[in-house]
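# Coordinate inspection notes
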Amino acid sequence: MSETSDPETGFLEQLGQRVRTMRALRGMSRKVLAKVSGISERYIAQLESGKGNVSIVLLRRVSNAMGAHLEDLIPSTEPVPDWAVIRDLVRKATSAQIAQAKDVLAGGSTSAHRKMSFSGIALIGLRGAGKSTLGKMLAKKIGWSFVELNKEIEAQNGLSVAEIIALYGQEGFRRMEQAALGQLLARKELMVLATGGGIVSEPLTFDLILSSFYTIWLKAKPEEHMARVRGQGDLRPMADDRSAMAELRTILVSREPLYARASAVVDTAGLNVNDAASRLVDAVAPVLHDEARMFARG
């Protein structure tokens, strides 16, 4: 936001940035978002550039005049009792208080889960990072099972990922993703898990990944991601998009802070498959050592 911007212009710029970031987190091009939302691609472009409909600004003026928050004026399909009180308490809470509240809302299981449950190694990153290829090699090397979360979702629902999204949308897919992850964790067996690139866009599911697995971000250059995806003959969700490379860079930039929450990073840039697999094995060595030590104690 520029220093010369008035508050309302700045608000629209921030709104556009948030829309752009959320779209990228979900791996959606403008064309795809326009098709799914039924809104013109031109309007979405205007919105993201900070030139959204002035009606939102007028609504903001109304909320400010009443000393309310903008979201208070937007009807909720599932109203939460005392939501306004909860929201204001969270805004004033310390990090420790928020962590405690989060544990309570999770049924008091988060802390216990972190201490008692270890489900293995999860690989995160963009499509083309090598999660499936390197994950299979790692699982074979250490003798654990290998699971691709997307294939687990398809098996549990009898539909392909594309069919699920077409029928139930992104929200429906994320619900099924979380359910599939829960069923995997219920098996209580060590595994190497390859996740979908967009799993970081769903906070609850990603937090469950982070708390249940030693998580590794497989990182590469944007050009390498694109080359590998093209090699797989798959450009979802950027098919037929002339700006596919620009979209991929935007997605990567928006997701990097979330991918960076992983326990470790393995940069595969410029490496062949065997060298990348070797680097991944080195990255998990401390985890395997800790598991062996705990097993010996038991």
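Residues numbered from 1 in each chain as written. Predicted model: local features only at pLDDT ≥ 70, side-chain atom pairs only at ≥ 80, totals over all residues. Heavy atoms only, no water.

### A few points about the overall build of the protein chain
Of regular secondary structure, the protein chain possesses 14 helices and five strands. Relative to its 298 residues, the protein chain shows a buried fraction of 35%. Residue pairs at least 24 apart in sequence account for 70% of intrachain contacts in the protein chain once pairs closer than 6 positions are excluded. Counting only carbon and sulfur atoms, one obtains 56% of the accessible surface of the protein chain, whose full area is about 17500 Å². (Helix = DSSP H or I, 4+ residues; strand = E, 2+ residues; numbered from the N terminus. Buried < 20%, exposed > 50% of the residue type's maximum accessible area, 1.4 Å probe, protein only. Contact = heavy atoms within 4.5 Å. Areas by Shrake-Rupley, 256 points an atom, 1.4 Å probe, with all protein chains shown as cover.)

### Observations regarding the pairing of strand 1 (residues 120-124)
Counting buried positions along strand 1 gives five out of five residues, so the element sits mostly inside the fold. Pairing between strand 1 and strand 4 (residues 213-219): five bridges, direction parallel. Bridged to Ile124 within strand 4 is Trp217. (Pairing = 2+ DSSP bridges.)

### Here we look at the sheet that holds strand 2 (residues 145-148)
Hydrogen bonds between backbone groups are what pair the strands of a sheet, and the pairing can be parallel or antiparallel. Here we have five strands laid out as an open sheet, ordered 2-3-1-4-5, and parallel in their pairing. Edge positions in the sheet fall to strand 2 and strand 5 (264-267), since each has one partner strand and no second. When the angles between neighbouring strand axes are averaged without regard to direction, this sheet yields 25°. Contacts from helix 8 (residues 131-142) reach strand 1, strand 2, strand 3 (191-194) and strand 4 within the one sheet, and its direction differs from that of strand 2 by about 160°. Where helix 9 (residues 149-157) meets the sheet, its contacts fall on strand 2 and strand 3, and the angle it forms with strand 2 comes to roughly 70°. (Axes fitted to C-alpha atoms, helices over the stretch in contact; angles between N-to-C directions.)

### A few points about helix 13 (residues 244-259)
For helix 13, spanning 16 residues, the distance from its first C-alpha to its last is 21 Å, which sits close to the expected 22 Å at 1.5 Å a residue. Along helix 13, the largest kink reaches about 30° and is centred on Val253; proline Pro257 follows within four residues of it. Along helix 13, the residues classified as buried are Ala244, Glu247, Leu248, Ile251, Leu252, Ser254, Arg255 and Tyr259. Looking at the buried residues of helix 13, the elements they touch are helix 1 (7-25), helix 2 (30-37), strand 1, strand 4 and helix 12 (222-231). (Expected span 1.5 Å × (residues − 1). Bend = angle between axes of the 7 residues up to and from the residue.)

### Observations regarding the environment of Gln156
Mapped onto the elements of the fold, Gln156 is located in helix 9. Distance from Gln156 to Ala179, taken between C-alpha atoms, is 9.3 Å for residues 23 residues apart in sequence.

### Considering the confidence of the model for the protein chain
Scored by pLDDT, the protein chain comes out at a mean of 83, with 86% of its residues at no less than 70. Overall, residues 110-116 carries pLDDT values under 50, and its contacts beyond four positions in sequence, including any with other chains, amount to 10 contacts. (pLDDT = per-residue confidence, 0-100.)

### Looking at the packing of helix 9 against helix 10 (residues 161-186)
Put simply, helix 9 and helix 10 touch, their axes get as near as 9 Å, and they point 105° apart. The pairing of helix 9 with helix 10 is recorded here as roughly perpendicular in orientation. Between helix 9, through Leu149, Asn150, Glu152, Ile153, Glu154, Gln156 and Asn157, and helix 10, the contact on the second element is made entirely by Val161, Ile164, Phe173, Met176, Glu177, Ala179, Ala180, Leu181, Gln183 and Leu184. Residues that form the contact of helix 9 with helix 10 fall into these classes: 10 nonpolar, four polar and three charged. (Parallel < 35°, antiparallel > 145°, perpendicular 65-115°, else oblique. Nonpolar A, V, L, I, M, F, W, Y, C, P; charged D, E, K, R; others polar.)

### Examining helix 3 (residues 41-48)
For helix 3, the complete set of buried residues consists of Ile44, Leu47 and Glu48. For helix 3, the angular spread of the buried residues around the axis is 95°, confining them to a single face. Among the residues trailing helix 3, Gly50 stands out with phi positive, at a value near 90°. (Arc of directions from axis to C-beta.)

### Details of the side chain of Glu152
By the secondary structure assignment, Glu152 is in helix 9. On the accessibility criterion, Glu152 (15% relative accessible area) is buried. Those residues in contact with Glu152 that lie beyond four places of it in its chain are Val147, Leu184 and Arg187.

### Details of the pattern of salt bridges
Applying the stated criterion across every chain yields a total of nine salt bridges. The salt bridge partner of Glu148 is Lys151, with a shortest N-O separation of 3.3 Å. A salt bridge links Glu223 to Arg249, with the shortest nitrogen-to-oxygen separation between them at 2.5 Å. Residue Glu223 is found in helix 12, and its partner Arg249 is found in helix 13; the two are separated by 26 residues along the sequence. The class of Arg249 is partly exposed, set by a relative accessible area of 38%. Within the structure, one salt-bridge network assembled from shared partners comprises Arg23, Arg30, Glu48 and Glu247. (Salt bridge = Lys/Arg side-chain N within 4 Å of Asp/Glu carboxyl O.)

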